[in-house]
Amino acid sequence: ESADSLLVNGDIDMVTNGNRIDLDTDNDTSIRASADDTITIEVGGSDLIALTTTSTFSCPVTVGVNDTGHDVKFFGATSGKYILWDESDDALIIPDSTNIKIGTGNDLQLYHDGSDSYIKNATGALKLATETSGIAVTVGHTTSETTVADNLSVTGDIAVDGTSNLDNTDIDGTFAVDGTTISL
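Keep in mind that this is a model prediction, so the values were computed, not measured. (Residues numbered from 1 in each chain as written. Predicted model: local features only at pLDDT ≥ 70, side-chain atom pairs only at ≥ 80, totals over all residues. Heavy atoms only, no water.)

Caption draft 1: Inspection of the sheet that holds strand β5 (residues 56–57) at higher detail. With antiparallel pairing, the five strands of this open sheet are ordered in space as β1-β2-β3-β4-β5. With partners counted over all chains shown, the strands left at the sheet margins are β1 (20–22) and β5, one partner each. When strand β3 (residues 39–43) meets strand β4 (residues 46–51), the two strands line up antiparallel, connected through five bridges. Opposite V43, over in β4, you have S46 as the bridge partner. (Pairing = 2+ DSSP bridges. Helix = DSSP H or I, 4+ residues; strand = E, 2+ residues; numbered from the N terminus.)

Below, the structure written as structure tokens:
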């Protein structure tokens, strides 16, 4: 081979060199093995990758390159629980009944159980808002029904296009029907 390559036929005895292979002249880039079956890759004097049954990466990890990605899958402790970055779909795939938990106390949870989708909030108010005043927040679709399963308070104006049943409704203030204001 050339002066820049190493060809080994047989074993390398790493014990005589402190269980390490130095990869440069200043000995700050190396591969070393330890008695606990850990392989550590050191670059620039810092341990960046430790490979064991539980691997540690102390540096940024990039999978693929821009416009040429790879699938990355993280498994949980329960069968069927994982998240998958699907490079061909450019999407994060999360199977049914696998929660996304947000907040120090897992205060906000998002999941789909196979039939319904859930946003569960355990602490404080769940606020749906826009960053700029005057931008509408739309709930539902023109042909879907939106159900409020508890009390509904409206602090601004309410507009109803279509029919409305106001049975058992407590209205404080005024409302307009076909342009006519009705005071209550």
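Caption draft 2: Representation of the sheet that holds strand β6 (residues 72–75). Strand order in this open sheet of three strands is β6-β7-β8, and the pairing throughout is antiparallel. If you trace the sheet from one side to the other, it starts and ends with β6 and β8 (91–93), each paired once. Here the average twist between neighbouring strands, direction ignored, is 10 degrees. Relative to strand β7 (residues 82–86), β6 is paired through four bridges, and the arrangement is antiparallel. Counterpart to K73 in the pairing with β7 is L84. (Axes fitted to C-alpha atoms, helices over the stretch in contact; angles between N-to-C directions.)

Caption draft 3: The arrangement of the pairing of strand β2 (residues 30–33) in detail. The pairing of β1 with β2 spans three bridges and is classified as antiparallel. Note on β2: the bridge partner recorded for D22 is S30. Pairing geometry for β2 and β3, over four bridges, is antiparallel. By the bridge assignment, I31 is partnered in β3 with I41. Connecting the antiparallel pair β2 and β3 is a turn made up of five residues, with D37 showing a positive phi of about 65 degrees.

Caption draft 4: Up close: the environment of A122. Here A122 is to be found in the loop between β11 (117–121) and β12 (174–177). Taking the relative accessible area as the measure of exposure, A122 reaches 65% and is therefore exposed. When the C-alpha positions of A122 and C59 are compared, they lie 35 Å apart, and in sequence the two are 63 residues distant. (Buried < 20%, exposed > 50% of the residue type's maximum accessible area, 1.4 Å probe, protein only.)

Caption draft 5: Structural view of a nonpolar patch on the surface. A cluster of nonpolar side chains, contributed by I21, L23, I31, I39, L51, F57, V61 and V63, occupies part of the molecular surface with about 650 Å² of accessible area. Looking at V63, the relative accessible area reads 44%, which means it is partly exposed. (Patch = residues over 30% accessible without salt bridge, like charges linked within 9 Å, V, L, I, M, F, W, Y side chains within 5 Å. Areas by Shrake-Rupley, 256 points an atom, 1.4 Å probe, with all protein chains shown as cover. Salt bridge = Lys/Arg side-chain N within 4 Å of Asp/Glu carboxyl O.)

Caption draft 6: Looking closely at the environment of L23. You can see L23 is positioned in the loop between β1 and β2. Along the sequence, L23 and C59 sit 36 residues apart, while their C-alpha atoms lie 19 Å from each other. The residues touching L23, leaving out its near neighbours within four places in the chain, are T29, S30 and I31. (Contact = heavy atoms within 4.5 Å.)

Caption draft 7: Region of the structure containing the layout of surface pockets. By volume, the largest pocket is sized at about 1100 Å³. Every residue lining the largest pocket is counted, 21 residues in all, and those nearest its centre are I158, V160, S164, L166 and I171. Classifying every residue of the lining of the largest pocket gives nine nonpolar, eight polar and four charged. Estimated volume of the second largest pocket: approximately 680 Å³. Along the walls of the second largest pocket sit 15 residues, with V139, G140, T146, T147 and V148 positioned nearest its centre. Its residues placed into classes, the lining of the second largest pocket shows five nonpolar, eight polar and two charged. (1 Å grid on protein atoms, 1.4 Å probe; cavity = no way out; pocket = protein on both sides within 12 Å on 5 of 7 lines; lining within 4 Å. Points joined across faces, edges and corners; volume = space filled by probe spheres on them. Nonpolar A, V, L, I, M, F, W, Y, C, P; charged D, E, K, R; others polar.)

Caption draft 8: Seen up close, unusual backbone geometry. Here S97, not a glycine, exhibits a phi torsion of approximately 60 degrees, which is positive. With respect to the element layout, S97 can be found in the loop between β8 and β9 (100–102). Overall, S97 belongs to the partly exposed group, its relative accessible area being 34%.

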